[in-house]
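Chains, contacts and geometry: an overview
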Amino acid sequence: MDIHRYEKVWLAGALLLIVGFIATVSYGAVGAGITMVNDEGGQVDHDSLDEHPRFSEPGTYADGPNEYDVYVVAYQFGFEPGTQEPIRVPAGSEVTFHVTSRDVTHGFQVVGTNANTMVIPGQVSTITVRFDEAGTEEYGLLCNEYCGAAHHAMEGRIEVVPQSQWNESMEVS
Amino acid sequence: MATFVDRYPAEAKAIQATFAVAFVSLGIGALFGAIQALHRTNVFRFMDSVDYYTLLTGHGVLLALVFTIFFLAGVFQWGITESLDTPAPDIRLTWAWVGLMTAGATFAAVAILAGLFPEIPMSADVLYTFYAPLQAHPLFYVGLAMFIVGTWIAGADWFLSYRTWRRDNPDERIPLQAFMVLTTMIMWYVSTLGVAVSVVFFLIPWSLGLVDTVNSLLTRTLFWYFGHPVVYFWLMPAYLLWYTVLPKLAGGRLFSDPLARAVFVLFVLLSTPVGIHHQYLDPGIAEGFKFIAMTNTMFLLLPSLLTAFTVVASVEHGARQRGGEGYLRWLGALPWRDPAFTGMALAGLMFAAGGFSGMINAGMNINYLVHNTLWVPGHFHMTVGTAVALTFMAGTYWLLPQITGKAVYSRPIGLLQVIVWFVGMVFMSNAMHRGGLLGIPRRTAEPQYANFDFAAAVGSVGELRMQIAFGGVLLFLSVVLFLFNVAATWADDRVGTPVDDAIPEPLSPASGAPLVLDNLALWTLIAVVLVVLAYTLPILSIVSDAGLLGSSTGSPVAITLEAVAETVAAALPGVW
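Residues numbered from 1 in each chain as written. Chains lettered and ligands numbered in written order. Predicted model: local features only at pLDDT ≥ 70, side-chain atom pairs only at ≥ 80, totals over all residues.

1. Examining the overall build of chain A
Rules: The numbering of helices and of strands both runs from the N terminus, where a helix is a DSSP run of H or I of at least 4 residues and a strand a run of E of at least 2. Each radius of gyration is computed over the set of C-alpha atoms, and the globule rule expresses the reference value as 2.2 Å times the number of residues to the power 0.38. Partly exposed residues are those whose C-beta has more than 12 but fewer than 20 other C-beta atoms within 10 Å; 20 or more makes a residue buried and 12 or fewer makes it exposed, with C-beta atoms placed from the backbone. Contact between two residues is assigned when their C-beta atoms, built from the backbone, lie within 7 Å.
What chain A contains, in helices and strands, is one helix and 10 strands. Order of helices (α) and strands (β) in chain A, N terminus to C terminus: α-β-β-β-β-β-β-β-β-β-β. Taking 2.2 N^0.38 as the reference for a compact globule, 173 residues should give roughly 16 Å; the C-alpha atoms of chain A span a radius of gyration of 20 Å, well beyond that estimate. Considered along the principal axes of its C-alpha atoms, chain A spans approximately 70 × 40 × 30 Å. The buried share among the 173 residues of chain A stands at 47%. Expressed as a percentage of contacts within chain A between residues at least 6 apart in sequence, the contacts between residues at least 24 apart total 64%.

2. Examining the overall build of chain B
Within chain B one finds 19 helices and two strands. Here the C-alpha radius of gyration of chain B, 23 Å, is about what a compact globule of 576 residues would show, namely 25 Å. Its C-alpha atoms give chain B principal-axis dimensions of about 70 × 50 × 45 Å. In chain B, which comprises 576 residues, the share counted as buried stands at 60%. Considering only contacts in chain B between residues 6 or more positions apart, those separated by 24 or more positions represent 86%.

3. A closer look at the environment of B:Thr151
All names here are of chain B. Among the secondary structure elements, Thr-151 is positioned in helix α5 (residues 138-168). Separated by 116 residues in sequence, Thr-151 and Phe-267 have C-alpha atoms that sit 19 Å apart. Setting aside residues no more than four positions away along its own chain, Thr-151 makes contact with Ile-69, Met-101 and Trp-188.

4. Structural notes on the domain arrangement of chain A
Heads up, the rule is: Those domain boundaries reflect an automatic or database domain assignment.
Per the domain assignment, the segments of chain A are domain 1 (1-34) and domain 2 (39-170). On a C-alpha basis, the centroid separation for the pair domain 1 of chain A and domain 2 of chain A is 38 Å.

5. With respect to the confidence of the model for chain A
Fine structural detail should not be taken from predicted coordinates in areas where pLDDT scores are low. Going by this rule: Confidence of the prediction at every residue is given by pLDDT, a number between 0 and 100.
Residue-level pLDDT values for chain A average 93, and 99% of them are 70 or greater. Summarising per-element confidence for chain A, the mean pLDDT is lowest in strand β1 (residues 59-64) of chain A (93) and highest in strand β7 (residues 116-119) of chain A (98).

6. Describing unusual backbone geometry
In most cases, non-glycine residues show a negative phi, while peptide bonds are predominantly trans. Look at the link from A:Glu80 to A:Pro81: it is a cis peptide, with omega at -5°. With respect to the helices, strands and loops of the structure, A:Pro81 is situated in the loop between β3 (78-80) and β4 (87-90). Here the amide bond leading from B:Ala132 into B:Pro133 is cis, since omega sits at 10°, within 30 degrees of zero. In this fold, B:Pro133 is placed in the loop between α4 (91-113) and β1 (134-135). Of note in this structure, A:Asn66 is not a glycine but carries a positive phi near 60°. Relative to the helices and strands, A:Asn66 resides in the loop between β1 and β2 (67-75). Judged by the 12 C-beta atoms lying within 10 Å of it, A:Asn66 is exposed. The residue B:Arg443 is not glycine, and still its phi comes out positive at about 50°. C-beta crowding within 10 Å serves as the criterion here: with 25 such atoms nearby, B:Arg443 is assigned to the buried category.

7. Structural notes on the pairing of strand β5 (residues 94-101) of chain A
Residues and elements named next belong to chain A. Here is the rule we go by: When DSSP finds two or more bridges between two strands, those strands count as paired.
Of all eight residues in β5, six are buried, a share of seventy percent or more. As paired elements, β2 and β5 share eight bridges and run parallel to each other. Paired with Glu-67 across the strands is Glu-94, a residue of β5. As paired strands, β5 and strand β8 (residues 125-130) are joined by six bridges and run antiparallel to one another. If you follow Val-99 over to β8, its bridge partner there is Ser-125.

8. Observations concerning the confidence of the model for chain B
Here chain B shows a mean pLDDT of 95. Residues at 70 or above account for 97%. Scored by ipTM, the complex comes to 0.96, with pTM at 0.96.

9. Quick look at the sheet that holds β7(A)
Residue and element names in this part refer to chain A. What counts here: A fitted line through C-alpha atoms serves as each axis, taken over the contacting stretch for helices, and the angle formed by two N-to-C directions is quoted from 0 to 180°.
Spatially, the five strands line up as an open sheet ordered β4-β10-β9-β6-β7, and their pairing is mixed. One side of each edge strand has no neighbouring strand; the edge strands of this open sheet are β4 and β7. Going from strand to strand, the sheet's axes swing by 20° on average, the running direction of each strand aside. Two strands pair when backbone bridges link them, and strand β6 (residues 106-110) and β7 are joined in this way by four bridges, in the antiparallel orientation. Each bridged residue has a counterpart across the sheet, and for Gly-107 the counterpart in β7 is Met-118.

10. A look at the interface of chain B and chain A
What counts here: Note that Gly is not counted as nonpolar here; it falls among the polar residues with everything else outside the nonpolar set of Ala, Val, Leu, Ile, Met, Phe, Trp, Tyr, Cys and Pro and the charged set of Asp, Glu, Lys and Arg.
Contacts between chain B and chain A engage 70 residues on the former and 59 residues on the latter. Broken down by secondary-structure element, the contributors of at least two residues to the side of chain B that touches chain A are α3 (49-84), α7 (216-227), α10 (257-270), α11 (287-299), α12 (301-321), α14 (367-370), α18 (520-546) and α19 (561-571) of chain B. With six residues, α11(B) is the single largest residue contributor to the side of chain B that touches chain A. Classifying every residue of the side of chain B that touches chain A by side-chain character gives 44 nonpolar, 20 polar and six charged.

11. Thoughts on helix α15 (residues 375-404) of chain B
Residues and elements named next belong to chain B. This is how it is decided: Think of it this way: the bend at a residue is just the angle between two axes, each fitted to seven residues, one set ending at that residue and the other starting at it.
The largest bend in α15 amounts to roughly 45° and is located at Tyr-397, with the proline Pro-401 lying one to four residues further along. When you tally the buried positions in α15, you get 30 out of 30 residues, the bulk of the element. Remark: Gly-405 follows α15 within two positions and exhibits a positive phi of approximately 75°.

Following this line, the structure appears as structure tokens:
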């Protein structure tokens, strides 16, 4: 097939760009350690979350030295915890969010950060993040997937509490 | 000199019908879009936010599915008939798909628009993606299924024309436009299978109450199995026009027929096994499957990058035929007063920008930052909203005369119209991209929250809102000008030569393309194998995790304000 010289140069450049993109994404995954939301959260029965060991009492659980697991239930139109009372996490620790839905598909986005996941009924989304603030800091939380007529009212807060002020009343035990 | 409508009056009638449906949808969808732009930016609100989602569903379905697909069906019918120089096998078959698609689209539209009237117990505020367990009225799903089946019959109609032509021309290369139509339809058959299974086997029985539950992740995955190739279904007819019509309008001819064929083959192969890149942030899908989708997606850039080369080279060739010289001065020699040329050129230019923002979306890890933010509609208003929609409108100025036998009413209005679209989209989509980076979500009636604000590093959120509202209004004005021009053209009298419709031969002709490129069965087979490889394991895993029918009972979309207000009040005592 007759390919013009300029076409060949362009084709080579295009392939280089593509391979370059795949390389940077791979570096992000392997080198920088940005894992994707995946199937590790497993499945739950969204109709009987009240029988689940953690989702029945959602909140912040201390699960290791400086490691916390936060269980959040999304619903039309709020997060528990998050909406009626803020999600509280200690600063400078590794926090894993486990989010599920008891009704329809929602989104879970910590505003101004890359903490972002879909929330699908029957599935548990897990994302691990660090809040490195020194002082008290608040983040907004919003649902970024249309979930029904009052979707725009579905929001919440995350309060990052300095280690010195963290106490066990902020944890579920 | 006779044009298409004189040679093929029966086919022209059917194309007129598809264009008419497309343009009516364009008008309604664009009106909804303008109202949304004003509402979500809080510039002008006259309806309740519940209705925002009804209009948003209407905007998505009427523009992304009805306008685009009815228009491209007309373009494909024209391309097949014209390039094969073969009439439709049986015009009743053609009218059957036009009728079925129209009935299906009407059903879906009625189910959606009924949501605006609380006294009608019907609603389909489930948006264009209809993620279960949000549940629309069955009429919505039935309409979608009829619409898809209509497109399948259309494809069969075009393959039958091809078969007739092949019988008379056993040794000829498939003419380029027909090749583009047939390859696009192969991709469409492979990819619509997902949404058809989702709608027919799961969503329709579930919305009718025949089964109680659905597997939300499964229907969602089947939607995106179709949801990415559908963007190429919109884009391929635009490429068809860029490859075969734009070079002619520029005063030249296509640079390379073989490369154009290779590009369409790549789209057949790679369009479908990428859908999981819309689900980078979904639970229940292993990271490895996402990585495969990411890699395929990146390689899918190749045919579009090749297209950029061929189209620009062809346009430059045209400019030089018109006396253009120099490295860039040839740009001045192009026919910028021709709305068909200028519209397509501007559409191509914006597609370059939209392509780059799409490369960001495809980057799996950076996607965390932009997923479901305003960045995403910013991206697709540049691609389907401009590369496709503006090319279709510009193409109308060249095609409508051929299928009606009438000259365009006003070329200056046409020129103004395509420029207003481009300017409006620069304002709106640029501001949407920037807003997305601040975390402003998409698909939200009131992205103004009680607990927090969005912080702009450059400019302000208020400025972004004004740009979105202003851009949205310009886009609507552009559609009004377009529809006026189309209506005035249609109302005019027939003329002898409404437009110069001859398409010159490419510089590198089809004879230079390897014969294997025309082996449609081979490409279909490879495409199916790639899809099986990319999707078997994820779907098996989703089904084994949560069951074929899952456990999500329906959540009918709310249709009364009181019910919504009560739910919100219960959820947000602190705020209210």
